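Coordinates in review
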Amino acid sequence: MNDKKVTLKRRGFLKAAGATVATVALMSKTSEASNEKNKKFGFYIDVDKCYGCMSCVVACAEENHVPLNSFRTKVRRQVEDKGKVIFVPIQCNHCENPPCVKPCPVNATYKGPDGLVVIDDNVCIGCGKCVKACPYNARFLDPIRGIANKCSFCDHRIYSGKLPACVEACPTTAKIFGDLNADGEVSKSIKAIKTSVRNPEFKTKPKIFFKSLPKKI
Ligand code: SF4
Ligand code: SF4
Ligand code: SF4
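Residues numbered from 1 in each chain as written. Chains lettered and ligands numbered in written order. Predicted model: local features only at pLDDT ≥ 70, side-chain atom pairs only at ≥ 80, totals over all residues. Heavy atoms only, no water.

**Remarks on the confidence of the model for the protein chain**
Residues at a pLDDT of 70 or more form 84% of the protein chain, whose mean pLDDT is 88. Counting contacts from residues 1-31, a segment whose pLDDT is below 50, to residues more than four positions away or on other chains yields 35 contacts. (pLDDT = per-residue confidence, 0-100. Contact = heavy atoms within 4.5 Å.)

Quick look at the structure:
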């Protein structure tokens, strides 16, 4: 079974974890779920370090088989005052209050115990309601598979001890990924450095924290 299938299987279980099935398998899976409950994944992105090389976009597309002309992540180029050019990598924020979840008529998209906002490819019917509901325009309808698609925080990689593909590919360490509940580089950076999130007025509580994010992007 490939990583993706394993992840989907695990996700399917986590979604149904409230159900009562008294088996040994359930007990071991339950302990897995409770471990995930302690986690809260997020990013710290230093806009000052991004120089728009697009390595993250390419690595993401390759890793996640993103169709041509569709994107799970983009790098916005912006000209600031006095002609300064900045680059802002953007992707799904895995919001704590995700407005994309409720409109789904078949519960194909949901927030997992680890806070990741997941799409279950086997359940999605491609109605596009979640795509319209995301105020960040972070989702798209996959033109090949006919279902919703977006950044997954590379969940198939992180649970096997790897970093998200975009993080690994970044030559300047502009993107750092980790568990916000752990005492790691991401949480330490967020505590030590002034950060902001995209469009806080949406009240979605994004889990991607930027250093030097311009007011408007
Ligand atoms: S950024 Fe959009 S797609 Fe991602 S969790 Fe937030 S509302 Fe949902
Ligand atoms: S496109 Fe899929 S995930 Fe999105 S609302 Fe429709 S069924 Fe749910
Ligand atoms: S975390 Fe994974 S899916 Fe999300 S932008 Fe990075 S490479 Fe793409």
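**As for the environment of Val106**
Within the secondary structure, Val106 sits in the loop between strand E3 (85-91) and strand E4 (109-111). Accessibility expressed as a relative area gives 31% for Val106, which makes it partly exposed. Linking Val106 and Val123, residues 17 residues apart in sequence, is a C-alpha distance of 7.1 Å. (Helix = DSSP H or I, 4+ residues; strand = E, 2+ residues; numbered from the N terminus. Buried < 20%, exposed > 50% of the residue type's maximum accessible area, 1.4 Å probe, protein only.)

**Digging into the site of ligand 1**
Around ligand 1, the structure places 13 residues, and the nearest of them are Cys92, Cys95, Cys100, Cys134 and Arg139. Its residues assigned to classes, the shell around ligand 1 comprises 9 nonpolar, 2 polar and 2 charged. (Near = heavy atom within 4 Å. Nonpolar A, V, L, I, M, F, W, Y, C, P; charged D, E, K, R; others polar.)

**Focus: the sheet that holds strand E9 (residues 208-211)**
Taking strand neighbours across the sheet as the criterion, the 3 strands line up as E8-E1-E9 in an open arrangement whose pairing is mixed. Each end of this open sheet is capped by a strand with a single partner; those strands are strand E8 (175-179) and E9. Direction aside, the axes of adjacent strands within the sheet are offset by 20° on average. Here strand E1 (residues 41-46) pairs with E8 via 5 bridges, running antiparallel. Note that in E8 the partner of Phe43 across the bridge is Phe177. (Pairing = 2+ DSSP bridges. Axes fitted to C-alpha atoms, helices over the stretch in contact; angles between N-to-C directions.)

**Focus: the packing of aromatic side chains**
According to the stated counting rule, one finds 6 aromatic pairs in the structure shown. Both rings, one in Tyr136 and one in Phe202, keep their centres 5.2 Å apart while their planes meet at 75°; by these two values the pair is edge-to-face. Here the residue Tyr136 occupies a position in the loop between helix H4 (129-133) and strand E6 (140-141), and Phe202 occupies one in the loop between helix H7 (185-192) and E9, the gap between them amounting to 66 residues. Residue classification places Phe202 among the partly exposed positions, given a relative accessible area of 35%. What links up through ring pairs into an aromatic cluster is the set Phe41, Phe43, Phe153, Tyr159 and Phe177. (Phe/Tyr/Trp six-rings, centres within 6.5 Å; stacked < 30°, edge-to-face > 60°.)

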